[in-house]
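An overview of the molecular structure
One-letter residues, chain by chain:
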Amino acid sequence: KLTKLSIPAIAVYFGTKGRYEEVNPHLIDDILFVNKSVVSPPAPDCQAVHLVAVIRHGTRFPTSKNIRKIHRMYDVVMNEASGNEQWLRDIKSKWSMWYTEDMDGKLVEKGKDDLRHLAVRLSKSFPTLISEENLRGERIEFITSSKHRCVDSIQAFQDGLFKHWNVEDVGFRHNVNDSLMRFFDQCKRFVEEVENNKTALKEVALFKSSQEMDEVCRRMAHRLQIPHSQITPDLVEAAFFLCSYEFAIKSKNSPWCNLLDEVDARVLEYKNDLKQYWKRGYGHEINRKSCCILFHDIFRRLDQASYDYRFGEATKAVTIQVGHGETLLPLLSLMGFFRDETPLTAKNFPQQQSRKFRSSRIVPYAANLLFVLYECTDGLRLQVFLNEKPVTFPNISDPAPLYHTVRKHYSDLLGGCGFKKECELPKDKFKNTEL
Ligand SMILES: O=P(O)(O)O[C@H]1[C@H](OP(=O)(O)O)[C@@H](OP(=O)(O)O)[C@H](O)[C@@H](O)[C@H]1OP(=O)(O)O
């Protein structure tokens, strides 16, 4: 068991490479704990009738791009660093490089546990929906992105349920659906204007050459007794990744964590937030609009559930959908969650200390967004939970508003925001590529 003492002080800044436990620290003591008062129906007369869960895959290995960066940092430390600190001696003599490029973003064992445990907690939170009866009756649908880490995650989720209910005669079920879970790949406008556009993330590039980042490089160079000119922002980031991956995958407070302090980690967290903001969040309109297809699909399921509930037997009770950080962040942004008044830029790091858009809090591994529909005496109500905690809709004070209020709130998006219209390339660009 991991004691609090062995958690790196900088773990709360790991952003999309952070553990779910940092967002819900009570899970460190009891990974299956559910706070019933948080997930109970909004009023005693309400009962949950439908659940749609959009979940990020569990803890994974670094991508091969970042494994290459990690190797470069390792070589620099092994060949250039001097000093007599215990942590440096530990890196040099006790730590050996174990990351290989073929690991490329695959789910790790801890990642399977993330999803197994989440499944058990969700079934404890919503026992009438995530139930053995609904599983056997095929009223739980499982949808995933085609990426191995997501397919493995959805299998681990079911594995968690099977073990929890002692079920041995039901096989794994899942539908791969990249149109829903990897809409960003299929949205031509997003691919052209953001993914393949070198200037789309210019704020990230500018921040990498900012004074704040230079100071992080200088401090790390000093700790390693290496000339400042040899420590680049990429190497600094690789050390940050090493600390985060060693912790997330192996639950170790690695000697690599000594290369950074909390001041450094806040700068690196902001660098990651800038990437998420400009690639997946409010930075560009198309980031949010690219996920209209998923947004519509979720409301179609909720509409169907409300119809079924009123006019007959419900055919579906739950949808479990597994995707990526780049599935969840555009969806949250489309719906207006975590929107700051001032955009995140390279220049305003000092003013953004209390920003809402903080990926460490929003999208750790196994992050999950739950839409729960309740039947109450005054009508259907909808409640949204992020990482198992209720969130209120922007500009709606009621934590569980009437479903028709929510539909009205999003009427522009529900009536418009078509994938085809939003994602096709503007006419002039289209012509150019046709020529
Ligand atoms: O920085 P890496 O290479 O890890 O970036 C990943 C994405 O990870 P993230 O930025 O969210 O930490 C990964 O998202 P995930 O939710 O599946 O972990 C994404 O799918 C992958 O394509 C990488 O993106 P990049 O475009 O190579 O930066």
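Residues numbered from 1 in each chain as written. Predicted model: local features only at pLDDT ≥ 70, side-chain atom pairs only at ≥ 80, totals over all residues. Heavy atoms only, no water.

Per an unreviewed UniProt entry, the protein chain goes by the name Multiple inositol polyphosphate phosphatase 1 and belongs to Silurus meridionalis. The UniProt entry for the protein chain carries the following text under Subcellular location (unreviewed entry): "Cell membrane". For the protein chain, the Sequence similarities (unreviewed entry) comment in UniProt is given as "Belongs to the histidine acid phosphatase family. MINPP1 subfamily." (UniProt positions renumbered as here; feature names shortened; annotations may be inferred.)

A closer look at the site of the ligand
Surrounding the ligand, one finds 16 residues, the nearest of these being Thr 16, Lys 17, Thr 63, Lys 279 and Glu 326. Within the side chain of Lys 65, one N or O atom sits 2.9 Å away from an oxygen atom of the ligand. One of the side-chain nitrogen or oxygen atoms of Arg 280 is found 2.9 Å away from an oxygen atom of the ligand. For the ligand, the protein covers 85% of the area, taking 540 Å² as the surface of the free molecule. Among the elements that make up the shell around the ligand, the one with the highest residue count is helix H13 (residues 262-279) (three residues). (Near = heavy atom within 4 Å. Polar contact = N/O pair within 3.5 Å; in protein donor to acceptor, adjacent residues only side chain to side chain. Areas by Shrake-Rupley, 256 points an atom, 1.4 Å probe, with all protein chains shown as cover. Helix = DSSP H or I, 4+ residues; strand = E, 2+ residues; numbered from the N terminus.)

Notes on H13
With 18 residues, H13 ought to run about 26 Å at 1.5 Å a step, and its terminal C-alpha atoms sit 25 Å apart, in line with that. The element H13 is largely enclosed, with a buried count of 14 among its 18 residues. Its side-chain oxygen 3.1 Å from the backbone nitrogen of Val 263, Asp 261 forms the N-cap of H13. (Expected span 1.5 Å × (residues − 1). Buried < 20%, exposed > 50% of the residue type's maximum accessible area, 1.4 Å probe, protein only.)

Quick word on unusual backbone geometry
Positioned with a positive phi, Glu 138 is a non-glycine residue whose angle comes to about 55 degrees. Counting through the fold element by element, Glu 138 comes out in the loop between helix H5 (132-136) and strand E2 (140-144). One non-glycine residue with positive phi stands out, namely Glu 388, at about 70 degrees. Within the secondary structure, Glu 388 is located in the loop between strand E6 (379-386) and strand E7 (389-391).

With respect to the state of the cysteines
For the structure on display, the rule yields four disulfides. The residue that forms a disulfide with Cys 46 is Cys 376, at a sulfur-sulfur distance of 2.1 Å. Here the disulfide of Cys 46 and Cys 376 is right-handed, its torsion about the S-S bond being about 115 degrees. Of this pair, Cys 46 sits in the loop between helix H1 (36-39) and strand E1 (47-56) while Cys 376 sits in strand E5 (residues 368-376), and the two are 330 residues apart along the sequence. Assigned by exposure class, Cys 46 and Cys 376 land together as buried. Each sulfur in the disulfide pair Cys 187 and Cys 423 lies 2.1 Å from the other. Between Cys 187 and Cys 423, the S-S torsion sits near -95 degrees, and that sign places the bridge as left-handed. Of this pair, Cys 187 sits in the loop between helix H8 (183-186) and helix H9 (188-195) while Cys 423 sits in helix H20 (residues 419-423); the two residues are 236 residues apart in sequence, bridging distant segments of the chain. On the basis of relative accessibility, which here comes to 4%, the residue Cys 423 falls in the buried class. For the protein chain, the bonded cysteines pair up as 1-6, 2-8, 3-4, 5-7 when numbered in the order they occur along the sequence. Of all cysteine sulfurs in the structure, the one in Cys 291 sits closest to Cys 150, which takes part in no disulfide; the separation is 16 Å. (Disulfide = S-S within 2.5 Å.)

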